[in-house]
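Secondary and tertiary structure notes
The primary structure of each chain is shown beneath.
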Amino acid sequence: MATWANLGLQDSSSPLMEQLNFFHDHTLLILIMITVLIAYIMFMLFFNKFTNRYLLHGQTIEIIWTILPAVILMFIAFPSLRLLYLMDEINSPLITLKAIGHQWYWSYEYSNFLNLEFDSYMIPTNELDMNSFRLLDVDNRIILPLNNQIRILVTATDVIHSWTIPSLGVKIDATPGRLNQTNFLINQPGLFFGQCSEICGANHSFMPIVIESIPMNFFIKWISSQIN
């Protein structure tokens, strides 16, 4: 989860978020190189004494500074397109989870199991335990198995919400009358926190999301206890 001193992206807990981190660093390196080059050229322009009153055009340099940015953009565009297609790919999901946004809480349904659904509300500050996180913990967490493909279907009943878990690289809009889907794989056990990332009304910042990732054998025991 993010802390007060976290200036970058959260640590990845899924293969897709790991690729997004790599792409972020790759793009940032290109931007730093461009910035340093332009800063150096501008600095040298201030302090050199070169003049040429007859210099009207330079076709060679104009060709270079037209082609070079296009090549640099290709180095950014191809990895970006690859990631976009990877994020849209649905790879034989083991479990389908349906998330429904309301003003202002989330409802969840496990589509593979009958009558397994619940609402998830933020825990008020005056009811928090000492080991809970203010404005982030919920009364009913999403329980999901480790190292398995999860498909999530997202919709809303009133206004547009956005189901977002930064450390998993998942952000998908919950639109009334529309069913959006995406997938993710959690490769670490633990708790993963997110929030609604769409301004959906007065209590927009008070509908957090919490996923608890556990091994498959514990997940089966949890499912059995919920069904029975």
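Here, the structure is the one placed above.
Residues numbered from 1 in each chain as written. Predicted model: local features only at pLDDT ≥ 70, side-chain atom pairs only at ≥ 80, totals over all residues. Heavy atoms only, no water.

1. Section: the pattern of salt bridges
- Throughout the structure, instances matching the rule amount to two salt bridges.
- A salt bridge links Glu 212 to Arg 141; the nearest nitrogen and oxygen atoms lie 3.6 Å apart. Of this pair, Glu 212 sits in strand β10 (residues 209-214) while Arg 141 sits in the loop between β3 (117-120) and β4 (142-145), placing them 71 residues apart in sequence.
- Among the residues examined, Glu 212 registers a relative accessible area of 25% and is labelled partly exposed.
- Overlapping salt bridges, with partners in common, bring together Asp 137, Arg 141 and Glu 212 in one network. (Salt bridge = Lys/Arg side-chain N within 4 Å of Asp/Glu carboxyl O. Helix = DSSP H or I, 4+ residues; strand = E, 2+ residues; numbered from the N terminus. Buried < 20%, exposed > 50% of the residue type's maximum accessible area, 1.4 Å probe, protein only.)

2. Considering the nonpolar core
- With 34 residues, the main nonpolar core has Trp 106, Tyr 108, Tyr 110, Ile 142, Trp 163, Phe 184 and Ile 211 as its most contacted residues.
- Only β1 (95-102), β2 (105-110), β4, β5 (149-156), β6 (161-165), β7 (170-174), β10 and α3 (216-227) provide two or more residues apiece to this core.
- Those residues in contact with Trp 163 that lie beyond four places of it in its chain are Ala 99, Trp 106, Tyr 108, Ile 142, Ile 152, Val 154, Val 170, Lys 171, Ile 172, Phe 184, Ile 209 and Ile 211. (Core = buried A, V, L, I, M, F, W, Y, C linked by side-chain atoms within 4.5 Å. Contact = heavy atoms within 4.5 Å.)

3. Observations regarding the sheet that holds β4
- Read from one edge of the open sheet, three strands run β4-β10-β9, paired in mixed fashion. Unpaired on one side and paired on the other, β4 and β9 (190-194) mark the two borders of the sheet. Averaged over all pairs of adjacent strands, the angle between strand axes in this sheet comes to 25 degrees, irrespective of strand direction.
- Pairing of β4 with β10 involves four bridges; the strand directions are parallel. (Pairing = 2+ DSSP bridges. Axes fitted to C-alpha atoms, helices over the stretch in contact; angles between N-to-C directions.)

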